Amino acid sequence: MSENVLEVKDLKVEFDTYGGVVQAVRGVHFQVQKGKTLAIVGESGCGKSVSIQSILGLIPTPPGRITSGSAKLNGQELMGLPLKELNKVRGNNVGVIFQDPMSSLNPTMTIGEQISETLRYHKDVSRKEGRRRAIELLGKVQISEAASRVDSYPFQFSGGMRQRVMIAMALACEPELLIADEPTTALDVTIQSQILNLLKDLQNQSHMALILITHDLGVVARMADTVSVMYAGQVVEHGTVDDIFYRSTHPYTSGLRAALPTRERNRQKLIPIDGAPPDLFSPPKGCGYFARCPSAMNICENRNPPEFVNSTSHYGRCWLAQKNSMTPMPTEGVL
């Protein structure tokens, strides 16, 4: 069994707002192994990005705060780590590709300066060596004429090229873990495919762990080894990519799959998930998916299901999953 590069347990994150306290992440746990890809899937607002940003100290505090949880990177606890120590981890041991490269890149600095800045901070290299390494990295992410493009500014690059620059920056210090937050958003289909192929090739070369945050199940099927499906701040199902696509136990996962275009469904209407996510100012007492679930039962409204384990790699938070589960069925409070 491969070693876990990152282990997150019982993560809870809240935000103070004028309307009250938003319980954005409610007891999330996951892990990713060396050389493997974990996809975190779910609709907007389910807590995917907040979960990752919080363990790296990237959420504003206040209004955000982590109320409980543990996040260990190769055994080192990240929670409560002083900012000076956390800065040594970010960009060095952990690389991050943010969702919008145009807003993540500094418009007043050249591409080469921004890549070499990471190297100078973490690796203490000279400006000359930083520039040489920046050119090498641009070539590695398949930007043509890297020696001349290294002095270009972000506005001189297309969206796909800016995303490649973000990948180069994230890989500059050869991290053990790469986090890609919606890396193909707003890119056309051809460029999306190129970016995904590039990420896979680079992962195979360096054997790094990859966490892919996305709402696109097509990307998940192509890239992931394991998948965590999030809804209303919780992981409602986790398993291998085959578990999620062929043996899913949660109705929300099934709903996501039903809304995915396929060749067989080319002339049929897509099936949407009716309703809206629950209000996380006051999360439901029972299952967060109860109001939208076509298979909802009385118990779902009043009791949040535990994690029913179907195999060593697959579990789901749904009362319907208990029939074929290895987890004993709770009896107290069952309606």
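For the structure, see preceding data.
J.: Can you help me understand a nonpolar patch on the surface in this one?
T.: A surface patch of nonpolar side chains, about 300 Å² in accessible area, is lined by Met 102, Tyr 153 and Phe 155. Tracing the backbone shows Phe 155 in the loop between helix H6 (146–149) and helix H7 (159–171). Residue class for Phe 155 comes out exposed when judged on its relative accessible area of 60%.

J.: Please explain the sheet that holds strand S5 (residues 76–77) as it appears in this structure.
T.: Sheet strands pair by backbone hydrogen bonding; their relative direction is either parallel or antiparallel. Read from one edge to the other, the open sheet built from four strands follows the order S2-S1-S4-S5, with strand pairing classed as antiparallel. If you trace the sheet from one side to the other, it starts and ends with strand S2 (20–33) and S5, each paired once. With eleven bridges connecting them, strand S1 (residues 4–17) and S2 associate as antiparallel partners. Bridging from a neighbouring strand, Leu 11 pairs with Val 28 of S2. Against the sheet, helix H1 (residues 48–55) makes contact with S1, S2 and strand S4 (64–73), and its axis sits at roughly 105° relative to S1, the strand it touches most.

J.: Honestly, unusual backbone geometry in this entry has me stumped. Any pointers?
T.: Glycine aside, negative phi is the norm for most residues, and most peptide bonds take the trans geometry. Note that the residue after Thr 61, namely Pro 62, is joined by a cis bond; omega there is -5°. Despite not being glycine, Glu 182 shows a phi value in the positive range, around 45°. With respect to the helices, strands and loops of the structure, Glu 182 is situated in the loop between strand S7 (177–181) and helix H8 (189–206). Glu 182 gets classed as buried once you look at its relative accessible area, which sits at 9%.

J.: Even after reading the chapter, I still don't get the sheet that holds strand S11 (residues 308–311), so can you show me in this structure?
T.: Reading across from one edge, S6-S7-S8-S3-S9-S10-S12-S11 is the order of the eight strands in this open sheet, with mixed pairing throughout. Strands at the two margins of the open sheet, each flanked by one partner only, are strand S6 (94–97) and S11. Shown here is a sheet whose adjacent strand axes are inclined to one another by a mean of 20°, direction ignored. Contacting strand S3 (37–41), S7, strand S8 (209–214) and strand S9 (226–231), H1 crosses the sheet at an angle of about 140° to S8.

J.: Please explain the packing of helix H4 (residues 111–123) against H7 as it appears in this structure.
T.: Between two packed helices, what matters for the description is the angle formed by their axes and the separation of those axes. Viewed as axis vectors pointing N to C, H4 and H7 meet at an angle of 25°, and their least axial separation amounts to 8 Å. By the angle class used here, H4 and H7 are roughly parallel. In this structure, H4 crosses over H7, and the sense of that crossing is right-handed. Residues Ile 111, Gln 114, Ile 115 and Thr 118 of H4 form the contact with H7, whose own contacting residues are Val 165, Ala 168 and Met 169. In terms of residue class, the contact of H4 with H7 is built from five nonpolar, two polar and no charged.

J.: How do you make sense of the environment of Arg 149 when you look at a structure like this?
T.: Checked against the element boundaries, Arg 149 lands in helix H6. Distance from Arg 149 to Gly 112, taken between C-alpha atoms, is 8.2 Å for residues 37 residues apart in sequence. Among residues more than four places away in sequence, those in contact with Arg 149 are Ile 111, Ile 143, Ser 144, Gln 156, Phe 157 and Met 161.

J.: In this structure, what is going on with the pairing of S7? I would like to understand it.
T.: Put simply, side chains in a regular strand alternate between the two faces of the sheet. Counting buried positions along S7 yields five of five residues, so the element is predominantly enclosed. Burial of S7 is two-sided: the residues Leu 177, Ile 179 and Asp 181 facing one way and the residues Leu 178 and Ala 180 facing the other way are all buried. Of the strand pairs in this sheet, S6 and S7 are connected by four bridges, and their pairing is parallel. Residue pairing in the sheet places Val 94 in a bridge with Leu 177 of S7.

J.: Before we go on, may I ask you to explain the environment of Val 41 in this structure?
T.: In this structure, Val 41 sits in strand S3. Setting aside its immediate chain neighbours within four residues, Val 41 contacts Lys 48, Thr 214, Leu 217, Val 220, Val 227, Ser 228, Val 229, Met 230 and Leu 256.

J.: Hey, could you run me through the packing of aromatic side chains in this one?
T.: The description of an aromatic ring pair uses the distance of the two centres, along with the angle that the planes make with each other. A full pass over the atoms with the stated rule returns five aromatic pairs. Taking 6.4 Å as the distance between ring centres and 20° as the angle between the ring planes, the aromatic pair formed by Tyr 153 and Phe 155 counts as stacked. Take Tyr 153: its relative accessible area is 31%, and that puts it in the partly exposed class. Seen in terms of ring centroids, Tyr 231 and Tyr 289 are 5.2 Å apart; in terms of plane orientation they differ by 85°. Their pairing is edge-to-face. Taken together, the residues Tyr 231 in strand S9 and Tyr 289 in the loop between helix H11 (251–258) and helix H12 (298–302) connect sequence positions 58 residues apart. When sorted by exposure, Tyr 231 lands in the same class as Tyr 289, which is buried. Among the aromatic residues, ring-to-ring pairing joins Tyr 231, Tyr 252 and Tyr 289 into one connected group.

How each quantity is defined
In every chain, residue numbers begin from 1 and rise along the written sequence. Totals for whole chains, interfaces and linings use all residues, but because this is a predicted model, local features are given only for residues with pLDDT of at least 70 and pairs of side-chain atoms are given and counted only at 80 or more. Only hydrogens and water are set aside when side-chain values are computed; all heavy atoms of the structure are taken into account. Patch rule: a residue counts if its relative accessible area is over 30% and it has no salt bridge; like charges are joined within 9 Å, and nonpolar side chains (Val, Leu, Ile, Met, Phe, Trp, Tyr) within 5 Å. Areas reported here follow the Shrake-Rupley algorithm with a probe of radius 1.4 Å; residue values treat only the protein chains shown as occluding. For salt bridges, the criterion is a side-chain nitrogen of Lys or Arg within 4 Å of an Asp or Glu carboxyl oxygen. Secondary structure elements follow DSSP: runs of H or I no shorter than four residues count as helices, runs of E no shorter than two count as strands, and numbering proceeds from the N terminus. Using a 1.4 Å probe on the protein chains alone, a residue whose accessible area is under 20% of its type maximum counts as buried, one over 50% counts as exposed, and one in between counts as partly exposed. Two strands are said to pair when DSSP picks up at least two bridges between them. Any two residues having at least one pair of non-hydrogen atoms within 4.5 Å are treated as being in contact. To get an axis, fit a line to the C-alpha atoms, keeping to the stretch in contact for a helix; angles then go from 0 to 180 degrees between the N-to-C directions. What sets the label is the angle itself: under 35 degrees gives roughly parallel, over 145 gives roughly antiparallel, 65 to 115 gives roughly perpendicular, and the rest give oblique. Crossings are sorted by hand: turned counterclockwise from the far helix by less than a right angle, the near helix makes the crossing left-handed, and turned clockwise it makes it right-handed. Here the term charged refers only to Asp, Glu, Lys and Arg, the term nonpolar to Ala, Val, Leu, Ile, Met, Phe, Trp, Tyr, Cys and Pro, and the term polar to all other amino acids, Gly among them. Any two of the Phe, Tyr and Trp rings considered here, Trp counted by its six-membered ring, make a pair once their centres fall within 6.5 Å; the pair's planes then place it as stacked at under 30 degrees, edge-to-face at over 60, or tilted in between.

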